[in-house]
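Reading the structure
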Amino acid sequence: ETGVTQTPRHLVMGMTNKKSLKCEQHLGHNAMYWYKQSAKKPLELMFVYSLEERVENNSVPSRFSPECPNSSHLFLHLHTLQPEDSALYLCASSPTTGHNEKLFFGSGTQLSVL
Amino acid sequence: DAKTTQPNSMESNEEEPVHLPCNHSTISGTDYIHWYRQLPSQGPEYVIHGLTSNVNNRMASLAIAEDRKSSTLILHRATLRDAAVYYCILRDYQAGGTSYGKLTFGQGTILTVHP
């Protein structure tokens, strides 16, 4: 148990659907991250939030829309996805965005786009 | 971030030590060496990190070469629960830098532990 909880664990959606991934951390951290892990590819950073402000958007298509309403919650809103967006989406948090902070990851949401 | 090179896979027997190598020949003076591992069906978890000196914690030891161009993660007694993908990551901080705490993952080393 890392203190970072992601829901749902699994999600199947069609290309015309809209869905949201949720991440919640109970660690009192101020920084939160979305990563994408596609099959046979390294984890890729998508977004970074610090104190609810987005500080990095790693060239992610607009069909992925993050939201951070407070420092404990992070959402990833999905719409009109493509089959190649099927992947494991991982949320992480850290105390700050300092260079030596440990990141704590959730178990991820396995997304399948049909 | 500077690049690291790790073997694609390694195997070990249970209760034996495991030495996982990482090459980082282009490491800069401000790069810290971090190790994370990812167990099956889970997100990555922090293992250990260091700058110049060898480091020990309850999970593992990190041995850093004197020239810092390579490092080795040491699991002193492998268990079946140590089977995972191990990532060696360099994290750079320059004064005023904007790395925003991100980790840049490579392919990692798949460690298989045999009973």
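Cut-off values and rules
- Residues numbered from 1 in each chain as written.
- Chains lettered and ligands numbered in written order.
- Predicted model: local features only at pLDDT ≥ 70, side-chain atom pairs only at ≥ 80, totals over all residues.
- Heavy atoms only, no water.
- Core = buried A, V, L, I, M, F, W, Y, C linked by side-chain atoms within 4.5 Å.
- Buried < 20%, exposed > 50% of the residue type's maximum accessible area, 1.4 Å probe, protein only.
- Helix = DSSP H or I, 4+ residues; strand = E, 2+ residues; numbered from the N terminus.
- Contact = heavy atoms within 4.5 Å.
- pLDDT = per-residue confidence, 0-100.
- Pairing = 2+ DSSP bridges.
- Polar contact = N/O pair within 3.5 Å; in protein donor to acceptor, adjacent residues only side chain to side chain.

In this structure, A:W34, A:F64, A:L76 and A:L78 are the most contacted members of the largest nonpolar core, which totals 22 residues. Where this core is concerned, the elements lending two or more residues are strand 2 (10–13), strand 3 (18–25), strand 4 (31–37), strand 5 (44–50), strand 7 (64–70), strand 8 (73–79), strand 9 (87–94) and strand 11 (109–113) of chain A. Setting aside residues no more than four positions away along its own chain, A:L76 makes contact with A:K19, A:S20, A:L21, A:W34, A:M46, A:F47, A:F64, A:S65, A:P66 and A:Y89. Counting 21 residues, the second-largest nonpolar core is a separate cluster that includes B:I27, B:I64, B:A84 and B:C88.

Attention now moves to the confidence of the model for chain B. Mean pLDDT over chain B works out to 90, with 90% of the residues at or above the 70 mark. Within chain B, strand 6 (residues 61–64) of chain B carries the highest mean pLDDT (98), whereas strand 8 (residues 84–92) of chain B carries the lowest (91).

This part covers the sheet that holds strand 6 of chain B. Residue and element names in this part refer to chain B. Reading across from one edge, 2-7-6-5 is the order of the four strands in this open sheet, with antiparallel pairing throughout. Because the sheet does not close on itself, it has two edges, and the strands there are strand 2 (18–23) and strand 5 (55–56). Across two bridges, the pairing between strand 5 and strand 6 is antiparallel. In the sheet register, V55 faces strand 6, and the bridge partner there is L62.

This next bit is on the side chain of B:S61. All names here are of chain B. Inspection of the secondary structure assignment puts S61 in strand 6. Given a relative accessible area of 7%, S61 falls into the buried group. Within the structure, the side chain of S61 is placed 2.7 Å from the side chain of H76, a separation counted as a polar contact. Setting aside residues no more than four positions away along its own chain, S61 makes contact with I48, V55, N56, T72, L73, I74 and H76.

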